[in-house]
Amino acid sequence: MFSVNEVFSDVNQTIQLKVCHVAKDLAQVAVVDLVRLEDKKPICKPTVFQFDDFAQYIKDNKLKRTIEMLPKWINFDDDKLLANGKDNWIKKRDKKLKYISSLLNEETVREYLYGNGVGQQINELLSNCSQWKKSSNYYRQLNRYITYGCVNNALLPFDYQNCGSNYFIPEERGESNVKRGRKTIPSKLPSHKPQPVYSVAPGITQKEIKKIKKIVRAALSSNRKNITSRARLMYRRENECRFIDEKTPYGTNKQLVWNNDNECLSEGQFYYHFQKFLTEEDKIIASKGKVTFDKDYAERSGSTWGLLIGPTDLYEIDATSMDIHIRYPYSDNERLSMGRAVLYVVVDVFSTCIVGIYIGFHGPDWAGAAEALVNAFMDKVSFAARYGLKIGPNDWPCHHLCCSLNSDNGGEYSLGNISSLLKANLGINEWQKTRSFMGVAKAVSERKFGVLNDSFIHYQPGAVYEVRREEQDPSQNAVWDLDTLYCAIISEVIYYNHTAIRKEHHDFKAAKSHVGFSPQAIYDYFLEEEMAGGRPTVSEDEGRIRLACLPEAEASVTDQGVYFNGAYYTSPYAHKVKWYFKAKNFGRFSISVKWSRTSTNTIWYQTPDNEVIALKIKADKSRRYKDQCWEAVLIRQIEEAREVHIAKRKKAEHELQKAHFQQVLLNQNLEQIKHQPENTVKSRQRGIQERKEEQSKVDKANIDKRNKQAISKIESDYSSNSTTKTPETNQVSAEPKKTKKRQSLNSRLQASAKHKQEK
């Protein structure tokens, strides 16, 4: 048994017969040759076979049975055709149906295929129709109707959908490539004649199309605006003009010469082919940039959620400036603003539950990110109590270590900072880092900023949100201080975790168990169901977690100590393992240390035995950096480097002055002995010892002379002070005058020094 639209073809596709009509009662079938249709030949009347004859034909030619899909336009209704802009097709189809509708029925088709034909009916239509004058018009449309399934849409002109696509374009210019398009301009008035077109541009060639394609790439890579006009200018500059040397009275000058009109493409030609190589994606990338296109316009291939097992499998961390000004708490008479703080959020991707936060005025930096991670891993009851908020253990029961982390590509998440988290001390298997400026790659954490802003922050005094020009600046309306804002954010997080609806995160078992739709309910259920309770932490783990979150860097062991960021550190452990001995004899070497941004006093080193050693700053080498934060020390080191540079310049200046002065003295000595004969004797001079002793006596005499002069000056100063008269000394005393005992030299020196001090 045969059915309509079955196709029988051989291996080489040289025979392709399609069944277009079946008459079961007559045991006959009508088939059409598809090879003829593919060769764009007119549709002829289908060939009729008896069932047995056609079956034998299939067997003899070893034909295989397939099913042909009719053109898609056959199944479109008028609404779809209009939506695709095919209203003109509908008009042409309806016009044909108007002339031939009396032939389009089953009885007429069977008579045409298996009976005596429809010649008499077509003659009657010819006599009544003023449009079609030949019977071939009726036969052609009837054959088309039967070939394409006996439906009215078979008369649609869908053969013209690729009209013009096979236009021949030569490789290079010649006489054969004439410009397409109309040759005359239609007249505006009936009495006027059509005028020839103004453009004399030649037909485009394959060579010019390749040049346009090259210009498209160049314009997209070098321009952000007016891509089309800039590309047209670039094409003209490279292909439609030239510079020639023109001799002038002042020398040779470059003169621009345009090509003739018949050698240049028209505007329409260039723009038509330019737009063919310019996609919608190219236009957006050119105007917005590749990063913005990938972030806001590119299609999304999927999400990470489907690859996760359960809660704590993947945490996302991100930071942003809060849209609210925070009040300065140390002023009693003014409402001052401390500015906008940085909010860090850690989110469990599987349940979308917020598991950790941190608010600080520094960064974004690793110190804030590490604090947010510590908060995500630790108990929240004590955390809330720190700000005076009392919550229960079930209000925010998120205190588990995660398996993987996801963050952006910011500088605060450097490999030196995160490598410790990937080690065995916390058991975090992987840290995923997204592309720069690709917030969509961590959309779960990004969306939580919008949740907090839209539900709470944007409605508070001091919020930075749609400020109009005539309104007061938000900094003048700061109300919230940091502690109360912490309490408000914690309550907002708890509210979100317990009330948001995430029904799409249920599986069949969760739905059957009537698990709640909130992120917290999903977190609690799947943590036990899929993650075997996860990896909860206790209060004793905080020190280990904080140490793991400290940033990691390279320090250099020298013979003077462990050198890190311009400061020297030491420890008994370094002497025990003979670090300094090795550095002195075999050269300095590097070690990995942990450091805290808040203090320079200590850095930490983890030994091969997993013992943590504290290295203290050396007072004899780096005491100027002791008890300081690293931000201040690094600034001081910049200033110190500048001061050292200035000191070296001064040293060089003094060295030049010293060398000049010494040269002057040398010249004086040379001047004194220039009249002496040159000494050529090689043996040691005689009388050196005698002259040395003589000079020694002179030196000792000079020393005695200077001592005697200094002592006599002291004695004279003391005598003048002791003989100074007072009013009582003018009175005549009846008592006999006593002889004053002479003081020792040491006593006189002490008295003189005391007198000078009193003055």
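Scroll up a little and you will see the structure.
Note that residues are indexed from 1 along each chain, following the sequence as it is written. Owing to the predicted nature of the model, reporting of local features is limited to residues with pLDDT of at least 70; listing and counting of side-chain atom pairs is limited to 80 or more, with chain, interface and lining totals taken over all residues. Excluding hydrogens and water, the side-chain values take into account all heavy atoms of the structure.

**Comments concerning the overall build of the chain**
Secondary structure elements are taken from DSSP: a helix is a run of H or I of four residues or more, a strand is a run of E of two residues or more, and numbering for both begins at the N terminus. On a plain count of helices and strands, the chain comes out with 26 helices and 20 strands. To sort residues, take the accessible area from a 1.4 Å probe on protein chains only and compare it with the maximum for the residue type: under 20% means buried, over 50% means exposed, and anything in between is partly exposed. Across the 759 residues of the chain, 37% fall into the buried class. Here the analysis covers contacts within the chain between residues at least 6 apart in sequence; of these, 62% occur between residues at least 24 apart. As displayed, the chain has an accessible area near 48900 Å², and 51% of this comes from carbon and sulfur atoms. Residues count as neighbours in contact if any of their non-hydrogen atoms are within 4.5 Å of one another. Accessible surface is estimated by sampling points in the Shrake-Rupley manner with a 1.4 Å probe; for residues, cover comes only from the protein chains shown.

**Considering the side chain of His-506**
Inspection of the secondary structure assignment puts His-506 in the loop between helix H17 (482–499) and helix H18 (508–512). Assessed through its relative accessible area of 16%, His-506 is described here as buried. At a separation of 3.0 Å, a polar atom in the side chain of His-506 contacts the main-chain carbonyl oxygen of Gly-516. Discounting residues that sit within four places of it in the chain, His-506 has contacts with Ala-511, Val-515, Gly-516, Phe-517 and Ile-522. Between N or O atoms, a polar contact is any pair within 3.5 Å; within protein, one atom must be a potential hydrogen donor and the other a potential acceptor, and residues adjacent in sequence are included only when both atoms are from side chains.

**Considerations on the state of the cysteines**
Disulfide: a covalent bond formed between the sulfur atoms of two cysteine residues. The term disulfide is used for any two cysteine sulfur atoms that are within 2.5 Å. Throughout the structure, instances matching the rule amount to zero disulfides. Cys-403 provides the cysteine sulfur closest to Cys-402, a residue in no disulfide bond, and the two sulfurs are 7.0 Å apart. Residue Cys-402 is classed as buried on the basis of its relative accessible area of 0%.

**Quick look at the sheet that holds strand E20 (residues 612–617)**
A strand pair is defined by DSSP finding two or more bridges across the two strands. Strand order in the closed barrel formed by six strands is E15-E16-E17-E20-E19-E18, with antiparallel pairing between adjacent strands. Adjacent strand axes in the sheet meet at a mean angle of 45 degrees, parallel and antiparallel pairs treated alike. Note that strand E16 (residues 561–564) and strand E17 (residues 567–570) share three bridges and pair antiparallel. Its bridge partner being in E17, Val-562 is matched across the sheet by Tyr-569. The sheet contacts of helix H22 (residues 579–586) involve strand E15 (552–558), E16, E17, strand E18 (589–595) and strand E19 (602–606), and relative to E15 the element is tilted by about 70 degrees. To get an axis, a line is fitted to the C-alpha atoms, and for a helix only the part in contact is used. The angle between two axes follows their N-to-C directions and goes from 0 to 180 degrees.

**Some words on the pattern of salt bridges**
Basic side-chain nitrogens of Lys or Arg form a salt bridge, by our definition, when they fall within 4 Å of a carboxyl oxygen of Asp or Glu. Per the counting criterion, the structure on display carries 13 salt bridges. Two residues, Glu-6 and Arg-65, come together in a salt bridge whose shortest N-O distance is 2.4 Å. Linking Glu-6 in strand E1 (residues 6–9) with Arg-65 in strand E5 (residues 64–67), this pair joins segments that are 59 residues apart in sequence. Given the relative accessible area of 4%, Glu-6 is considered buried. Note that Arg-110 and Asp-25 form a salt bridge whose closest N and O atoms lie 2.7 Å from each other. Here Arg-110 is found in helix H5 (residues 106–114), whereas its partner Asp-25 is found in the loop between strand E2 (16–23) and strand E3 (28–33), with 85 residues between them in sequence. You can call Arg-110 partly exposed: its relative accessible area is 23%.

**Regarding the sheet that holds E5**
Taken together, the five strands give an open sheet; going across it, the order is E4-E3-E2-E1-E5, and neighbouring strands pair in antiparallel fashion. Across the chains shown, the open sheet's two edge strands, defined by having one partner strand only, are strand E4 (47–50) and E5. Each adjacent strand pair in this sheet contributes to an overall mean axis angle of 35 degrees, direction not counted. As paired elements, E3 and E4 share four bridges and run antiparallel to each other. Residue Ala-30 lies in a different strand from E4, and its bridge partner there is Val-48.

**Here's the deal with a nonpolar patch on the surface**
Each patch is built from residues that are more than 30% exposed by relative accessible area and take part in no salt bridge. Like charges join if they lie within 9 Å; nonpolar side chains (Val, Leu, Ile, Met, Phe, Trp, Tyr) join within 5 Å. Among the surface-exposed residues, Phe-243, Leu-256 and Trp-258 lie close enough to one another that they form a single nonpolar patch of about 350 Å² accessible area. Tracing the backbone shows Trp-258 in strand E9 (residues 251–258).

**Quick notes on helix H9 (residues 227–239)**
Take the residue count of a helix, subtract one, and multiply by 1.5 Å to get its expected span. Between its first and last C-alpha, H9 extends 18 Å over 13 residues, near the 18 Å set by a 1.5 Å rise per residue. All of the buried residues along H9 are Ile-227, Ala-231, Arg-232, Met-234 and Tyr-235. End-on, the buried residues of H9 take up no more than an arc of 165 degrees, which puts them together on one face. Working definition: the arc comes from the directions between the helix axis and the C-beta atoms, pointing outward to the latter.

**Points about unusual backbone geometry**
Positive phi outside glycine occurs at Lys-62, with the angle close to 55 degrees. Summarising the element assignment, Lys-62 is placed in the loop between helix H2 (51–60) and E5. Phi at Thr-312 is positive, roughly 70 degrees, even though this residue is not glycine. For Thr-312, the position within the fold is in the loop between helix H12 (290–297) and strand E10 (314–321).

**Concerning the pairing of E1**
Side chains Glu-6 and Phe-8 project from E1 onto one buried face, and the interleaved Val-7 and Ser-9 project onto a second face that is buried too. Bridge analysis of E1 against E5 gives four bridges, and the strand direction is antiparallel. Directly across from Phe-8, in E5, lies its bridge partner Arg-65. Sheet topology places E1 next to E2; three bridges connect them, and they run antiparallel. Paired with Val-7 across the two strands is Lys-18, which belongs to E2. Counted between consecutive antiparallel strands, the loop separating E1 from E2 contains six residues, among which Gln-13 sits at a positive phi close to 60 degrees.

**Let's talk about the environment of Thr-558**
Position of Thr-558 among the secondary structure elements: in strand E15. For Thr-558, a relative accessible area of 4% translates into the label buried. As a C-alpha pair, Thr-558 and Lys-584 span 26 residues in sequence and 6.8 Å in three-dimensional space. Once you skip the residues sitting within four places of it in the chain, Thr-558 turns out to touch Tyr-563, Tyr-568, Tyr-580, Ala-583 and Arg-588. A polar side-chain atom of Thr-558 sits 3.2 Å from the main-chain amide nitrogen of Gln-560. At 2.8 Å, the side chain of Thr-558 forms a polar contact with the backbone oxygen of Gly-561.

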